[in-house]
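Notes for the structure review
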Amino acid sequence: MFIWTGIDVDNQLLNIKEYALKIDRKLEFEHSCFTLPMHISLKMPFKINDDEFDEIINTVSDYYHSLNVFDIEIDAIENNECIAWIRTKENAILNKISYDLNYILKNNYNIRLHEYDLDYKFHITLFMDIDTKKVKKAFEQIKDFVLPQKLSANRFVIGTSASGDLGAYSILKVVDLKENEK
């Protein structure tokens, strides 16, 4: 089983999601980035032993419940070869959460770090494909979309996939933080 986790920002980006979905369909991306809610991943997906599944889900969920709502500033829409994304500005809280998750999962469950876990660039994926020309074409159509200046990190999600394949993940658990915890 594979686990993925992140911050659900879908409801805060509905306008750009609707616009990006039209581009996605028009350009016929092989794997749509919209099979999950728009999100900021906090750790690269990782494989676990089935016998540790419930414990790991509870550990990550408990960690999220220990957090307070915080803001994430948006930087820009960028094209990075095979991916177009909304980059966030540097954020100490995001860095700490990523570090904490890596530490907890490595020390308690021997989950190995992915190379990107060590140098993660927080973002919301819009388009992804091995066809870099297709991604660039999509980027050109969306690059000037007006974005909010910041997002609220108030909803954390944990997803699972039997295969770990792109598009095969589904949300298993949602942790909503109360706005007054900010």
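A quick note: this is a predicted structure, and the numbers were derived from the prediction, not measured.

**Brief notes about the packing of aromatic side chains**
- Summed over the entire model, instances satisfying the criterion amount to six aromatic pairs.
- Taking 5.5 Å as the distance between ring centres and 35° as the angle between the ring planes, the aromatic pair formed by Y19 and F145 counts as tilted. One end of the pair, Y19, is in helix 1 (residues 14-27); the other, F145, is in the loop between helix 4 (132-142) and strand 6 (150-153), with 126 residues separating them in the sequence.
- For the pair F29 and F127, a centre-to-centre distance of 5.3 Å together with 20° between the ring planes defines the contact as stacked. Here F127 lies in strand 5 (residues 123-128) and F29 lies in the loop between helix 1 and strand 2 (39-47), a separation of 98 residues in the sequence. Per residue, the accessibility class of F29 equals that of F127, and both read buried.

**A short note on the sheet that holds strand 2**
- Taken in spatial order, the four strands line up as 2-1-7-8 in an open sheet, and their pairing is antiparallel. The open sheet has two edge strands, strand 2 and strand 8 (170-176), and neither has a second partner. Neighbour-to-neighbour, the strand axes of this sheet turn through a mean angle of 20°, independent of strand direction.
- Where strand 1 (residues 2-8) lies against strand 7 (residues 155-161), six bridges are found, and the strand directions are antiparallel. Bridging from a neighbouring strand, I7 pairs with F156 of strand 7.
- On top of the sheet, helix 3 (residues 92-109) reaches strand 1, strand 2 and strand 7; it is set at about 15° to strand 2, its chief contact.

**What to know about the state of the cysteines**
- Summed over the entire model, instances satisfying the criterion amount to zero disulfides.
- Cysteine C33 is unpaired, with the sulfur of C82 as its nearest cysteine sulfur at 10 Å.
- Looking at C82, the relative accessible area reads 35%, which means it is partly exposed.

**Details of the environment of K106**
- Mapping K106 onto the fold places it in helix 3.
- On the basis of relative accessibility, which here comes to 39%, the residue K106 falls in the partly exposed class.
- C-alpha separation for the pair K106 and E30, spaced 76 residues apart in sequence, amounts to 33 Å.
- Leaving out residues up to four positions away in the same chain, K106 has contacts with I111 and L113.

What counts, and where the lines are drawn
Residues numbered from 1 in each chain as written. Predicted model: local features only at pLDDT ≥ 70, side-chain atom pairs only at ≥ 80, totals over all residues. Heavy atoms only, no water. Phe/Tyr/Trp six-rings, centres within 6.5 Å; stacked < 30°, edge-to-face > 60°. Helix = DSSP H or I, 4+ residues; strand = E, 2+ residues; numbered from the N terminus. Buried < 20%, exposed > 50% of the residue type's maximum accessible area, 1.4 Å probe, protein only. Pairing = 2+ DSSP bridges. Axes fitted to C-alpha atoms, helices over the stretch in contact; angles between N-to-C directions. Contact = heavy atoms within 4.5 Å. Disulfide = S-S within 2.5 Å.

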